[in-house]
Number of protein chains: 2
Amino acid sequence: MNYEEKIIEYPPVHPGTDRTFIRFYEGEPNPKAMLLGGCDEMPQRVFVTDTTVSSLPCMDEFTAEFGTGKGAAANSVHKRRSGKDILVILGAGEPFKTIESVLSIVAAALDANGQRSTVFVGIGGGVITDMTAFAASIFKRGARCELVPTTLLSMVDAAVGGKTGCDFGSYKNMIGSFFPAQKIHICPEFIKTLPQSEYRSGLAEVVKTALLFSAPLFDKLESNPGILDGRGKSEFAPLISEMIRTCVSEKASVVEQDLTEKGMRMLLNLGHTFGHALETCAGLGKVAHGDGVAWGMARAADLSERLGLCTKEYAERVKRMLRSYTWETSEIHPAMEGKGSAGDIARTIFGAMKKDKKNSSSKVRFVLQRGVCDTVITEADEGDVLAVLGAER
Amino acid sequence: MNYEEKIIEYPPVHPGTDRTFIRFYEGEPNPKAMLLGGCDEMPQRVFVTDTTVSSLPCMDEFTAEFGTGKGAAANSVHKRRSGKDILVILGAGEPFKTIESVLSIVAAALDANGQRSTVFVGIGGGVITDMTAFAASIFKRGARCELVPTTLLSMVDAAVGGKTGCDFGSYKNMIGSFFPAQKIHICPEFIKTLPQSEYRSGLAEVVKTALLFSAPLFDKLESNPGILDGRGKSEFAPLISEMIRTCVSEKASVVEQDLTEKGMRMLLNLGHTFGHALETCAGLGKVAHGDGVAWGMARAADLSERLGLCTKEYAERVKRMLRSYTWETSEIHPAMEGKGSAGDIARTIFGAMKKDKKNSSSKVRFVLQRGVCDTVITEADEGDVLAVLGAER
Ligand SMILES: NC(=O)c1ccc[n+]([C@@H]2O[C@H](COP(=O)([O-])OP(=O)(O)OC[C@H]3O[C@@H](n4cnc5c(N)ncnc54)[C@H](O)[C@@H]3O)[C@@H](O)[C@H]2O)c1
Ligand SMILES: NC(=O)c1ccc[n+]([C@@H]2O[C@H](COP(=O)([O-])OP(=O)(O)OC[C@H]3O[C@@H](n4cnc5c(N)ncnc54)[C@H](O)[C@@H]3O)[C@@H](O)[C@H]2O)c1
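Residues numbered from 1 in each chain as written. Chains lettered and ligands numbered in written order. Predicted model: local features only at pLDDT ≥ 70, side-chain atom pairs only at ≥ 80, totals over all residues. Heavy atoms only, no water.

Identification of chain A as 3-dehydroquinate synthase from Treponema saccharophilum DSM 2985 is taken from an unreviewed UniProt entry.

Enquirer: What am I meant to see in the overall build of chain A here?
Expert: Check the secondary structure of chain A and you find 14 helices and twelve strands. A globule of 393 residues ought to have a C-alpha radius of gyration of about 21 Å, and chain A, at 22 Å, matches this closely. Considering only C-alpha atoms, chain A reaches an extent of 75 × 65 × 40 Å along its principal axes. Sequence separation of 24 or more characterises 71% of the internal contacts of chain A that already satisfy a separation of 6 or more. As displayed, chain A has an accessible area near 15,000 Å², and 49% of this comes from carbon and sulfur atoms. Charged side chains in chain A number 46 positive and 49 negative. The centres of these two groups are separated by 2 Å. (Helix = DSSP H or I, 4+ residues; strand = E, 2+ residues; numbered from the N terminus. Rg over C-alpha atoms; globule rule 2.2 N^0.38 Å. Contact = heavy atoms within 4.5 Å. Areas by Shrake-Rupley, 256 points an atom, 1.4 Å probe, with all protein chains shown as cover. Lys, Arg positive; Asp, Glu negative; His and termini not counted. Charge placed at Lys NZ, Arg CZ, Asp CG, Glu CD.)

Enquirer: When you look at the relation of the copies chain B and chain A in this model, what are you seeing that I'm missing?
Expert: Between chain B and chain A, the superposition needs a rotation of 180° and an axial shift of 0.0 Å, giving an RMSD of 0.0 Å. In short, the pair behaves as if placed about a two-fold rotation axis. Take the interface residues of chain B: 100% of them recur as interface residues in chain A, which is what a same-surface contact looks like. (Least-squares fit on C-alpha atoms with pLDDT ≥ 70 in both.)

Enquirer: Where do I start with the confidence of the model for chain A in this structure?
Expert: Do not read the predicted coordinates in detail wherever pLDDT is low. On average, residues of chain A score 93 in pLDDT, and 94% of them reach the 70 mark or higher. This complex was scored by the predictor with a pTM of 0.95 and an ipTM of 0.93. (pLDDT = per-residue confidence, 0-100.)

Enquirer: Just to check I follow, could you spell out unusual backbone geometry for this structure?
Expert: Peptide bonds are mostly trans, and most non-glycine residues show a negative phi. Residue Asn113 of chain A is not a glycine yet carries a positive backbone phi of 65°. If you trace the backbone, Asn113 of chain A turns up in the loop between α4 (99-111) and β6 (119-124). Residue Asn113 of chain A is classed as partly exposed on the basis of its relative accessible area of 39%. With a phi close to 70°, Thr326 of chain B is a non-glycine residue in the positive phi region. (Buried < 20%, exposed > 50% of the residue type's maximum accessible area, 1.4 Å probe, protein only.)

Enquirer: Can you walk me through the pattern of salt bridges in this structure?
Expert: Once their charged atoms are close, side chains differing in charge can pair, the charge on each being opposite to the other. All names here are of chain A. Enumeration over the complete set of coordinates arrives at 50 salt bridges over all chains. Of the charged contacts in the structure, one is a salt bridge between Arg19 and Asp18, with a shortest N-O distance of 3.6 Å. Here Lys97 ties to Asp130 by a salt bridge, and the two come within 2.9 Å at their closest N and O atoms. Taken together, the residues span a long stretch of sequence, with Lys97 in the loop between β5 (86-90) and α4 and Asp130 in helix α5 (residues 126-138) at a distance of 33 residues. Beyond isolated ion pairs, a larger network of salt bridges with shared partners links Arg299, Asp302, Lys312, Glu316 and Lys319. (Salt bridge = Lys/Arg side-chain N within 4 Å of Asp/Glu carboxyl O.)

Enquirer: Sorry, what's going on with the domain arrangement of chain A here?
Expert: Interface extent is often summarised as the accessible area lost during association of the parts. By the assigned domains, chain A splits into domain 1 (21-194) and domain 2 (264-388). Relative placement of domain 1 of chain A and domain 2 of chain A: their C-alpha centres are 33 Å apart. (Domains from an automatic or database assignment.)

Enquirer: Whenever I open this one, the packing of aromatic side chains confuses me. Can you help?
Expert: The description of two aromatic rings rests on the distance between their centres and on the angle between their planes. Applying the stated criterion to the full structure yields 16 aromatic pairs over all chains. Their ring planes at 55° and their centres at 5.3 Å tell us that Tyr3 of chain A and Tyr25 of chain B sit as a pair that is tilted. With Tyr3 of chain A in strand β1 (residues 3-9) and Tyr25 of chain B in strand β2 (residues 19-25), this residue pair bridges two chains. A cation over a ring is seen here: Arg245 of chain A above Phe24 of chain A, with NZ or CZ 4.7 Å from the ring centre. Directly above the aromatic system of Phe218 of chain B lies the positively charged group of Arg317 of chain B, at a separation of 4.1 Å from the ring centroid. (Phe/Tyr/Trp six-rings, centres within 6.5 Å; stacked < 30°, edge-to-face > 60°. Lys NZ or Arg CZ within 6 Å of the ring centre and 35° of its normal.)

Enquirer: What should I look at first to understand the site of ligand 1 in this one?
Expert: Residues and elements named next belong to chain A. Neighbouring ligand 1 are 26 residues, the closest being Asp50, Glu94, Thr150, Thr151 and Thr193. In this structure, Gly126 approaches ligand 1 through a main-chain N or O atom, which is 2.8 Å from an oxygen atom. Within the side chain of Thr193, a nitrogen or oxygen atom sits 2.7 Å from a nitrogen atom of ligand 1. About the coverage of ligand 1: the protein hides 89% of its 870 Å² of free accessible area. (Near = heavy atom within 4 Å. Polar contact = N/O pair within 3.5 Å; in protein donor to acceptor, adjacent residues only side chain to side chain.)

Enquirer: What's the story with the site of ligand 2 in this structure? I'm lost.
Expert: Residue and element names in this part refer to chain B. Surveying the vicinity of ligand 2 reveals 26 residues, the closest of which are Glu94, Gly126, Thr150, Thr151 and Thr193. Gly126 places a main-chain nitrogen or oxygen 2.7 Å from an oxygen atom of ligand 2. Interatomic distance of 3.0 Å between a backbone N/O atom of Val127 and an oxygen atom of ligand 2. Out of a free accessible area of 870 Å², ligand 2 has 88% covered by protein chains. Looking at the shell around ligand 2, the elements that each hand over two or more residues are α2 (51-54), α5 (126-138), α6 (152-158) and β9 (171-178). Considered class by class, the residues forming the shell around ligand 2 number nine nonpolar, eight polar and nine charged. (Nonpolar A, V, L, I, M, F, W, Y, C, P; charged D, E, K, R; others polar.)

Enquirer: Would you mind showing me how to read the interface of chain B and chain A here?
Expert: Every contact between the two is made by 66 residues of chain B and, on the other side, 67 residues of chain A. Buried area between chain B and chain A, summed over both chains or domains, comes out near 6,500 Å², and the portion from carbon and sulfur atoms is 61%. Among the residues of chain B in contact with chain A, Met1, Tyr10 and Arg141 of chain B are the three that bury the most area, contributing 15% of the side total. Connecting chain B to chain A are eight salt bridges. As a salt-bridge pair, Arg116 of chain A and Glu261 of chain B come within 3.2 Å of each other at their nearest N and O atoms. Across the chain B-chain A interface, the total number found is 29 residue pairs in polar contact (both at pLDDT 80 or more). Contributions of two or more residues to the side of chain B that touches chain A are made by β1 (3-9), β2, α1 (31-35), α4 (99-111), α5, β8 (163-168), β9 and α9 (237-257) of chain B. Taken together, the residues that form the side of chain B that touches chain A break down as 35 nonpolar, 14 polar and 17 charged. (Buried area = accessible area lost by both parts, 1.4 Å probe.)

Enquirer: Looking at this model, I keep getting lost on helix α10 (residues 272-282) of chain A. Mind explaining?
Expert: Residues separated by three or four positions in an α-helix point in the same direction, a consequence of the helix having 3.6 residues per turn. All names here are of chain A. Counted residue by residue, α10 has nine buried out of eleven residues, so it is predominantly covered. Considered for burial, the residues of α10 that qualify are His272, Thr273, Phe274, Gly275, Ala277, Leu278, Glu279, Cys281 and Ala282. With its phi angle positive at about 105°, Gly283 sits one or two positions after the end of α10.

Enquirer: Which parts of the structure should I look at to understand the environment of Ala64 of chain A?
Expert: Residue and element names in this part refer to chain A. Checked against the element boundaries, Ala64 lands in helix α3 (residues 60-64). The class of Ala64 is partly exposed, set by a relative accessible area of 47%. Sequence spacing of Ala64 and Lys32 is 32 residues, and the spatial spacing of their C-alpha atoms is 9.4 Å.

Enquirer: Is there a simple way to think about the side chain of Asp130 of chain A in this case?
Expert: All names here are of chain A. Looking at Asp130, the relative accessible area reads 9%, which means it is buried. Polar contacts involving the side chain of Asp130 include one to the side chain of Lys97, which spans 2.9 Å. When sequence neighbours within four positions are dropped, the list of residues in contact with Asp130 reads Lys97, Ala158, Lys163, Thr164, Gly165 and Asn173.

Enquirer: What should I look at first to understand the UniProt feature "domain: 3-dehydroquinate synthase N-terminal" (unreviewed entry) in chain A in this one?
Expert: The UniProt record annotates "domain: 3-dehydroquinate synthase N-terminal" (unreviewed entry) at residues 89-200 of chain A. Span residues 89-200 of chain A is 34% helix and 29% strand, its end C-alpha atoms 26 Å apart. (UniProt positions renumbered as here; feature names shortened; annotations may be inferred.)

Enquirer: What is the right way to read the packing of helix α7 (residues 196-213) of chain A against helix α9 (residues 237-257) of chain A from this model?
Expert: Residue and element names in this part refer to chain A. Direction vectors running N to C along α7 and α9 enclose 55°, while the axes themselves pass 10 Å from each other. It follows that α7 is oblique to α9 by the angle criterion. Crossing angle aside, the handedness with which α7 passes α9 is left-handed. Of the residues in α9, those in contact with Tyr199, Val206, Thr209 and Phe213 of α7 are Ile240, Met243, Cys247, Glu250 and Val254. When the residues that make up the contact of α7 with α9 are grouped by side-chain class, the tally is seven nonpolar, one polar and one charged. (Axes fitted to C-alpha atoms, helices over the stretch in contact; angles between N-to-C directions. Parallel < 35°, antiparallel > 145°, perpendicular 65-115°, else oblique. Left-handed = near helix turned anticlockwise from the far one by under 90°.)

Written out as structure tokens, the structure reads:
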């Protein structure tokens, strides 16, 4: 069919905000002081958290403002006394990272007469911060958003950088948007109450940041494996706090250059291609995300060495550091034992990678390293990948 | 609590695309030729339409490619022979403009292994184009989008300009995003099969564009009321085609300046404040959207005159033109008859406006005019609004 053509050209826009203010707090978290100060002229806020976080002692004074007692039920919506702000409490953890949860935030905001000027405030781990920001981004085509990350992972990674979303069916993070928060409130001491496994999961992302962007952070991690079991000790508090700041700064400078993941933001996938495939093949919930990423960084180091990108020394150094934090670095992860021969397991994991990336060819792209802060994105042949997955053992 | 602050600054981005190619076709619509040409290297497409549109004769060859017969059931998903492209058929009309419909598009795309490079192609009226673009915008945080508007309203308004979304509960367009399509394919002849009421509804938006931006278009509408009942006549085809182009151009230049409705895009609400309130008060489905907007433009003209913004002559000219297209221009719309005294009805409609805009004060903002192409946004006092709603009769 014949046609004539006309073009509309758009100036670029800032989805959500043109800048994020990140506040680093000291001492015990005090959400009431942090979030409920201010005058009556404040815009309306829709606070979102989960059942676990809302039951933390430091949240008592905050939730009391909404008239909710300890252990308030999930999905209950409580109006604040002023009648303007509301609190939405969702179920805790990844199984609740659903579109239904996101829509329950939207519905609560609508019920409370929310506007584009309404601020959606997510208080929790990556599940809550991702979903709250997603809800804000689609509410009347975009409201405002602030985040209070309460897990190590969400402080150093999830809350920073504007990726929002939720899972869909059995697929992780399949729907979402790019919509940075206007403010992020970081209280490192929130992590004191984290389960150890969640804390360790967050540390894996700290290691990733070190490998990608900060030799001094790498050195600190190497020389302080005691932080794995010592986050309660006052000697480690300043160190952990400093590590969080370094991670936030480094992630910030990546997203300042590439918010929508068209280029260098892909570097942040170091360890993730192997890690996701392991998580999938081991069976849902068998390998924690951070543990998968840590193992993936070991595999990426071996693959880098095999492809002649880095020295044996560098690969060994990375793996030694990971092991000192009790992460698995061997070619075949224990979670895969009993799932066939070494070759079978390697091929299963390679298959999952191909599916994950939907590569039609037999090549998969990896984030690999020549050394600390020297990273490349490259394809690798099946043979090389299978080799570092132990197929030849 | 004390804190230190760090700032992340984002360069602006282009959600979806930096430009939209609008193609104007001549002659009978041929969706197969228009959309299914091209080579095997084409990216995957997820076509979305509704049961009514998929049953149009001009769609036969297109749907046949997906192995669907006439009257395929809503929500049925048919894989194309090539196994790559798919067709999703949703229920027709506003009642299907739901998040469930949007998610069924997402689910079908996931099932078909969709990627960010997948193109979501909406073929239909504003309901289908809004939802398809919304689905594209949240799929993996943003896939690609093309639109084929098949109603007059969607050609001149809905498909152009990047607003996407769906209804939520009883609230219209409460969730969505700003996400322009990469291509819009406009075949004016699609409108030949439209029900007359849908055609007239689209014409109201043409009138709006004329008042806001184009004196020549206003003149053409004034001197050709025959197009209301003559769209089938060959003498009117070039005129209607030209009107569509004018509307597209004018809307394009507004959204080029203000995609995300922070400023001048609000002008496009001429007639809508009154119109929406009437639609709401008359009861869902009683007054068609376009008819509400047309009546709203008459009310806006009277209010402009009352506030001394325009002359009596201008207000009369606008209303005369609207009446020549059989639209209602009287202070009290017939759909409100039997709903109380003149004063009651006026106050009911004013109440709906305040609620719609969630104005806390007794003032509501209106898009008003000094004359053709001379528009202002201003607040008006309750008394003046009630007066032009016939409260004093
Ligand atoms: N947006 C991004 O860029 C990005 C980056 C990485 C990860 N993520 C997402 O983040 C999620 C994982 O984040 P997460 O590990 O924080 O998950 P999470 O939110 O599920 O938190 C883990 C658990 O810790 C609990 N918890 C949170 N804070 C606590 C505290 N202070 N004390 C005690 N318990 C607490 C939570 O209730 C939950 O049960 C995933 O869904 C992932 O997709 C997003
Ligand atoms: N995004 C925007 O900027 C914007 C602007 C204005 C309106 N809208 C939205 O657009 C929607 C209204 O659009 P609409 O009036 O096109 O509604 P619609 O999509 O419901 O179409 C109206 C009816 O006409 C049928 N139809 C479509 N094309 C046809 C054809 N060629 N022949 C015969 N029948 C046909 C449809 O199946 C439907 O039943 C509303 O939901 C509104 O919110 C959006």
